[in-house]
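Single-letter residue listing:
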Amino acid sequence: MLTVGLTHFLILSAILFAIGLFGVITQRNVIKVIMCLEIMLNAVNIALIAFSQSVAPVSLTGQIFAIFVMVVAAAEVAVGIAIIFSIYRNHESIDMEKFNILKW
Amino acid sequence: MPEITYSITFYLMAAIAVAAALGVIILRDVFRAALSLILLFMTVAGIYLLLHADFLAIVQILIYVGAISVLIIVAIMLTRDARQGQPLGKIKWVAGIVALALIGVIAWGVINTAFYLSSTPPLEETVKPLGNLLFGNPGYMLTSEIAAVLLLSAILGAIAVIREK
């Protein structure tokens, strides 16, 4: 219990991922949804790096994966916030319930 | 680092990370939620340090704390009516059950799996090996180039979406 190993990091990652998932489903403010997406991506990165450190510490494959996850996260936030601005300008709202312009 | 210090640091970091993640969801004020998110990012950087990933800890601080949180705060400032928080949606019980079930399934699977753990000690410093892997010959050169194209297209896409007609 007291010696921290791979299991502890993976369970921490699972808890953070579940919190992020809960937020993505329940939040109505779109900016908060993006924040919860970032929590989920960080949880995945923790799992990747924990595996990298304890399963393949020399080849560093997990850390390379984590770097590319960060790149994709940065691109996702930039495009997501641009879309939020654009919708906010047209609808004067960032409530998730009002984002139904793609429905028909 | 002695074993007991490592464990205490891990449990402290994990507790702060989970509390900060809950804070992002619970806090009604979006700006306070963003500050809680920054605390979470910094704690995750500390967890990377515990995992001997020094380069990734610094990159985490630079990209997440430095860039992404600034973007999010700018978004909060520009969408002013977001300041008063909206209540949770009606599906929060379903979402809570799904999240708890997810934690349970993953924890059950992780605890009951015998991972093949490597006995080699982790690398002391990872900057040079990571650079060699990212830009070296048997490495991830093509992926780095594609990441650059992805970032460029994300910038162009963001400008195109946000431009006034």
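A quick note: this is a predicted structure, and the numbers were derived from the prediction, not measured.

The rules we used
Residue positions are given per chain, counting from 1 as you read along its sequence in written order. Working convention: letters from A go to chains and numbers from 1 go to ligands, in the order in which they are written. Note on the predicted model: pLDDT of at least 70 is required for a residue's local features to be given, and 80 or more for side-chain atom pairs to be given and counted; whole-chain, interface and lining totals, by contrast, use all residues. Hydrogens and water molecules were not included; the side-chain quantities draw on all heavy atoms of the structure. By the criteria applied, helices consist of DSSP H or I runs no shorter than four residues and strands consist of E runs no shorter than two, each listed in order from the N terminus. Contacts are residue-level and defined by heavy atoms, with any inter-residue pair within 4.5 Å sufficient. When two parts are put together, the accessible area they lose, computed with a 1.4 Å probe and summed over both, is reported as buried area. A pairing counts as a salt bridge when a side-chain nitrogen of Lys or Arg comes within 4 Å of a carboxyl oxygen of Asp or Glu. Any pair of N or O atoms that falls within 3.5 Å is considered a polar contact. Within protein, one atom must be able to donate a hydrogen and the other to accept it, and sequence-neighbouring residues count only if both atoms are side-chain atoms. Working definition: a ring pair exists when centres of Phe, Tyr or Trp rings (six-membered ring for Trp) sit within 6.5 Å. Plane angles under 30 degrees give stacked, over 60 give edge-to-face, the rest tilted. Three labels apply to residues, based on accessible area from a 1.4 Å probe with only protein chains included: buried if under 20% of the type maximum, exposed if over 50%, partly exposed otherwise in between. Each axis is a line fitted through C-alpha atoms, and for a helix only the stretch in contact is used; angles between axes span 0 to 180 degrees, taken between their N-to-C directions. When describing relative orientation, an angle under 35 degrees is termed roughly parallel and one over 145 degrees roughly antiparallel, while 65 to 115 degrees is termed roughly perpendicular and anything else oblique. When residues are sorted by character, Ala, Val, Leu, Ile, Met, Phe, Trp, Tyr, Cys and Pro go into the nonpolar class, Asp, Glu, Lys and Arg into the charged class, and all the rest, Gly among them, into the polar class. Confidence of the prediction at every residue is given by pLDDT, a number between 0 and 100. To qualify as a nonpolar core, a set must consist of buried Ala, Val, Leu, Ile, Met, Phe, Trp, Tyr and Cys residues joined through side-chain atoms within 4.5 Å. Segmentation of the chain into domains, including their bounds, is taken from an automatic or database domain assignment.

1. Overview of the environment of A:Val30
Residues and elements named next belong to chain A.
Here comes step 1: In this structure, valine 30 sits in helix α2 (residues 30–54).
Here comes step 2: The spatial distance from the C-alpha of valine 30 to the C-alpha of alanine 56 is 38 Å, given a sequence separation of 26 residues.
Here comes step 3: Every residue in contact with valine 30, bar those within four places of it in the chain, is listed here: Ile84, Ile94, Asp95, Met96 and Phe99.

2. Side note on the interface of chain A and chain B
Where the parts come together, the accessible area they lose is often given as the size of the interface.
Here comes step 1: Taken together, the contact pairs 71 residues of chain A with 85 residues of chain B.
Here comes step 2: Interface of chain A and chain B: buried area, both sides summed, is about 6900 Å²; carbon and sulfur atoms make up 80% of it.
Here comes step 3: Where chain A touches chain B, the interface holds 0 salt bridges.
Here comes step 4: Our count for the chain A to chain B interface comes out at 6 residue pairs in polar contact (both at pLDDT 80 or more).
Here comes step 5: Contributing elements (two or more residues each) for the side of chain A that touches chain B: α1 (6–26), α2 and α3 (61–91) of chain A.

3. Quick look at the packing of aromatic side chains
The description of an aromatic ring pair uses the distance of the two centres, along with the angle that the planes make with each other.
Here comes step 1: Enumeration according to the criterion identifies 4 aromatic pairs over all chains in this entry.
Here comes step 2: Measuring from ring centre to ring centre gives 4.8 Å for B:Phe41 and B:Tyr64, while their planes differ by 55°; the resulting arrangement is tilted. Taken together, the residues B:Phe41 in helix α2 (residues 30–50) and B:Tyr64 in helix α3 (residues 54–78) connect sequence positions 23 residues apart. This pair shows no difference in class: B:Phe41 is buried, exactly as B:Tyr64 is.
Here comes step 3: Taken together, the aromatic side chains of A:Phe9, B:Phe10 and B:Tyr11 make up a single cluster linked through ring pairs.

4. Concerning the packing of α1(A) against helix α1 (residues 3–26) of chain B
Here comes step 1: Contact pair α1(A) / α1(B): the axes reach a minimum separation of 9 Å and the direction vectors enclose 5°. Judged on the interaxial angle alone, α1(B) and α1(A) are roughly parallel. Across from A:His8, A:Phe9, A:Leu12, A:Ile15, A:Leu16, A:Ile19, A:Phe22 and A:Gly23 in α1(A), the residues of α1(B) making contact are B:Tyr6, B:Phe10, B:Tyr11, B:Ala14, B:Ala17, B:Val18, B:Ala21, B:Leu22 and B:Ile25.
Here comes step 2: Split by residue class, the contact of α1(A) with α1(B) holds 15 nonpolar, 2 polar and no charged.

5. As for the confidence of the model for chain B
Residues and elements named next belong to chain B.
Here comes step 1: Mean pLDDT over chain B: 89, with 93% of residues reaching 70 or higher.
Here comes step 2: Per-element mean pLDDT across chain B ranges from 90 in helix α5 (residues 127–135) up to 94 in α2.
Here comes step 3: Here the complex is predicted with pTM 0.91, and the ipTM for its interfaces comes to 0.91.

6. Describing the nonpolar core
Here comes step 1: With 73 residues, the main nonpolar core has A:Phe9, A:Leu16, A:Ile31, A:Met35, B:Leu40, B:Tyr48 and B:Ile72 as its most contacted residues.
Here comes step 2: Among the elements that line this core, the one with the most residues is α3(A), at 12 residues.

7. Considerations on the domain arrangement of chain B
Residue and element names in this part refer to chain B.
Here comes step 1: If you check the domain split of chain B, you get domain 1 (3–83 + 90–125) and domain 2 (126–165).
Here comes step 2: Each of domain 1 and domain 2 has a C-alpha centre, and the two are 24 Å apart.
Here comes step 3: Tallying the contact residues gives 6 residues for domain 1 and 5 residues for domain 2.
Here comes step 4: Taken over both partners, the interface formed by domain 1 and domain 2 buries close to 480 Å², and the fraction arising from carbon and sulfur atoms is 68%.
Here comes step 5: The three residues of domain 1 that bury the most area against domain 2 are Phe55, Leu123 and Glu125, which together make up 80% of that side's buried surface.
Here comes step 6: Connecting domain 1 to domain 2 are 0 salt bridges.

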